[in-house]
Amino acid sequence: MRNKYVAYPYVGWMALFVVAPLVLVVVYAVTTRDGGFTLDNFASMLQYAPVFGRSFLLALIATLICILLGYPMAYYLARERGWLRRMSTMLIMLPMWMNFLLRTYSWVFLLERNGFFNSLLSSIGLPKLDIIDTPAAVVLGMVYNFLPFMVLP
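Residues numbered from 1 in each chain as written. Predicted model: local features only at pLDDT ≥ 70, side-chain atom pairs only at ≥ 80, totals over all residues. Heavy atoms only, no water.

A.B. asks: When you look at the layout of surface pockets in this model, what are you seeing that I'm missing?
C.D. replies: Space left empty within the atom packing is revealed by a probe, the size of a water molecule, rolled over the atoms. Empty space within the largest pocket amounts to approximately 280 Å³. Thr104, Val108, Ala137, Val138 and Gly141 are the residues nearest the centre of the largest pocket, which is lined by 15 residues in total. At the level of secondary structure, the elements contributing two or more residues to the lining of the largest pocket comprise α5 (100-111) and α7 (135-151). For the lining of the largest pocket, the residue count by class is 10 nonpolar, 4 polar and 1 charged. (1 Å grid on protein atoms, 1.4 Å probe; cavity = no way out; pocket = protein on both sides within 12 Å on 5 of 7 lines; lining within 4 Å. Points joined across faces, edges and corners; volume = space filled by probe spheres on them. Helix = DSSP H or I, 4+ residues; strand = E, 2+ residues; numbered from the N terminus. Nonpolar A, V, L, I, M, F, W, Y, C, P; charged D, E, K, R; others polar.)

A.B. asks: When you look at the nonpolar core in this model, what are you seeing that I'm missing?
C.D. replies: The tendency in soluble globular proteins is for nonpolar side chains to be buried as a group. One finds Leu58, Ala62, Cys66, Leu77, Ile92, Val139, Val143, Leu147 and Val151 forming the largest nonpolar core, which totals 9 residues. Mapped by element, the contributors of at least two residues to this core are α3 (49-79) and α7. Apart from residues no more than four positions distant in its own chain, Cys66 is found in contact with Tyr71, Val143, Phe146, Leu147 and Met150. (Core = buried A, V, L, I, M, F, W, Y, C linked by side-chain atoms within 4.5 Å. Buried < 20%, exposed > 50% of the residue type's maximum accessible area, 1.4 Å probe, protein only. Contact = heavy atoms within 4.5 Å.)

A.B. asks: Honestly, the side chain of Arg103 in this entry has me stumped. Any pointers?
C.D. replies: Turning to its location among the elements, Arg103 is positioned in helix α5. Buried charge without a partner: Arg103 forms no salt bridge, and the closest opposite charge is Glu112, 19 Å away. A polar atom in the side chain of Arg103 sits 3.3 Å from the backbone oxygen of Met98. Here the side chain of Arg103 touches Asn145 through a polar contact of 3.3 Å, side chain to side chain. Among residues more than four places away in sequence, those in contact with Arg103 are Pro95, Met96, Met98, Tyr144 and Asn145. (Lys, Arg positive; Asp, Glu negative; His and termini not counted. Salt bridge = Lys/Arg side-chain N within 4 Å of Asp/Glu carboxyl O. Polar contact = N/O pair within 3.5 Å; in protein donor to acceptor, adjacent residues only side chain to side chain.)

A.B. asks: Honestly, a nonpolar patch on the surface in this entry has me stumped. Any pointers?
C.D. replies: Among the surface-exposed residues, Leu57, Leu60, Ile61, Leu64, Ile65, Ile67, Leu69, Tyr71 and Met73 lie close enough to one another that they form a single nonpolar patch of about 770 Å² accessible area. Looking at the element boundaries, Met73 is found in helix α3. (Patch = residues over 30% accessible without salt bridge, like charges linked within 9 Å, V, L, I, M, F, W, Y side chains within 5 Å. Areas by Shrake-Rupley, 256 points an atom, 1.4 Å probe, with all protein chains shown as cover.)

A.B. asks: Just to check I follow, could you spell out the packing of aromatic side chains for this structure?
C.D. replies: The description of an aromatic ring pair rests on the distance of the ring centres and on the angle between the ring planes. Under the definition given, this model contains 7 aromatic pairs. Where Trp13 meets Phe17, the ring centres are 4.5 Å apart and the plane angle is 50°; that geometry is what we call tilted. Of this pair, Trp13 and Phe17 both sit in helix α1 (residues 8-29), separated by 4 residues, roughly a single helical turn. (Phe/Tyr/Trp six-rings, centres within 6.5 Å; stacked < 30°, edge-to-face > 60°.)

A.B. asks: Before we go on, may I ask you to explain α5 in this structure?
C.D. replies: What sets the pattern is the α-helix's 3.6 residues per turn: residues three or four places apart point alike. Between its first and last C-alpha atoms α5 spans 17 Å; for 12 residues at 1.5 Å apiece the expected length is 16 Å, and the two agree. Looking only at α5, the buried set comprises Arg103, Trp107, Leu110 and Leu111. Considered in projection along α5, the buried side chains sweep an arc of 85° and stay on one side of the axis. Every exposed residue of α5 that faces more than 90 degrees away from the buried side is listed here: Leu101 and Tyr105. The secondary structure elements touched by the buried residues of α5 are α6 (116-123) and α7. You can read the cap of α5 off the contacts: a side-chain oxygen lies 2.7 Å from the backbone nitrogen of Leu101, and it is on Asn99. (Expected span 1.5 Å × (residues − 1). Arc of directions from axis to C-beta.)

A.B. asks: Whenever I open this one, the confidence of the model for the chain confuses me. Can you help?
C.D. replies: When pLDDT is low, close inspection of the predicted coordinates is not appropriate. For the chain, per-residue confidence averages 91 on the pLDDT scale, and 99% of positions sit at 70 or higher. Taken element by element, the predicted model of the chain shows its lowest mean pLDDT in helix α2 (residues 40-43) (88) and its highest in α3 (95). (pLDDT = per-residue confidence, 0-100.)

A.B. asks: Please clarify how the packing of α5 against α7 should be interpreted in this entry.
C.D. replies: How two helices sit against one another is set out by the angle between their axes and by the gap between those axes. Where α5 contacts α7, the axes come no closer than 10 Å and their chain directions differ by 140°. For the element pair α5 / α7, the angle class is oblique. The hand of the α5/α7 crossing is right-handed. Two secondary-structure elements touch here, α5 through Phe100, Arg103, Thr104, Trp107 and Leu111 and α7 through Ala137, Leu140, Tyr144, Asn145 and Phe146. Of the residues belonging to the contact of α5 with α7, the class tally is 7 nonpolar, 2 polar and 1 charged. (Axes fitted to C-alpha atoms, helices over the stretch in contact; angles between N-to-C directions. Parallel < 35°, antiparallel > 145°, perpendicular 65-115°, else oblique. Left-handed = near helix turned anticlockwise from the far one by under 90°.)

Here it is, written out as structure tokens:
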């Protein structure tokens, strides 16, 4: 009873920045421009079925890669003791201290046509990779961003 007011700022923040936007999305989904009720917006979603399908396929591929990489890493961390375990955990958690969007945009810098990796490949005489704006780049970014969530729990 003595600390019942401590949660009020958090509840207000969540109501303003989580609940209110979700309510607005629902309102826009079931209304017309005139403000009348409609379900036509949901009927027109079928035209985006290929996009939804491709998104789910890329998510499935990234999930499988995260499982294939994450479970052996997690098993290794669970079996290891001492400083090596602490250092490995730290190296997995370290990128998560940076903003998610910044981590994603860093991959754009690394993978673009004249980016770091292609400059490195050109300097040693290998052909450039054209991976940016491809499904492979999307899967790479998702695996990089979500692999720690597969390993750490």
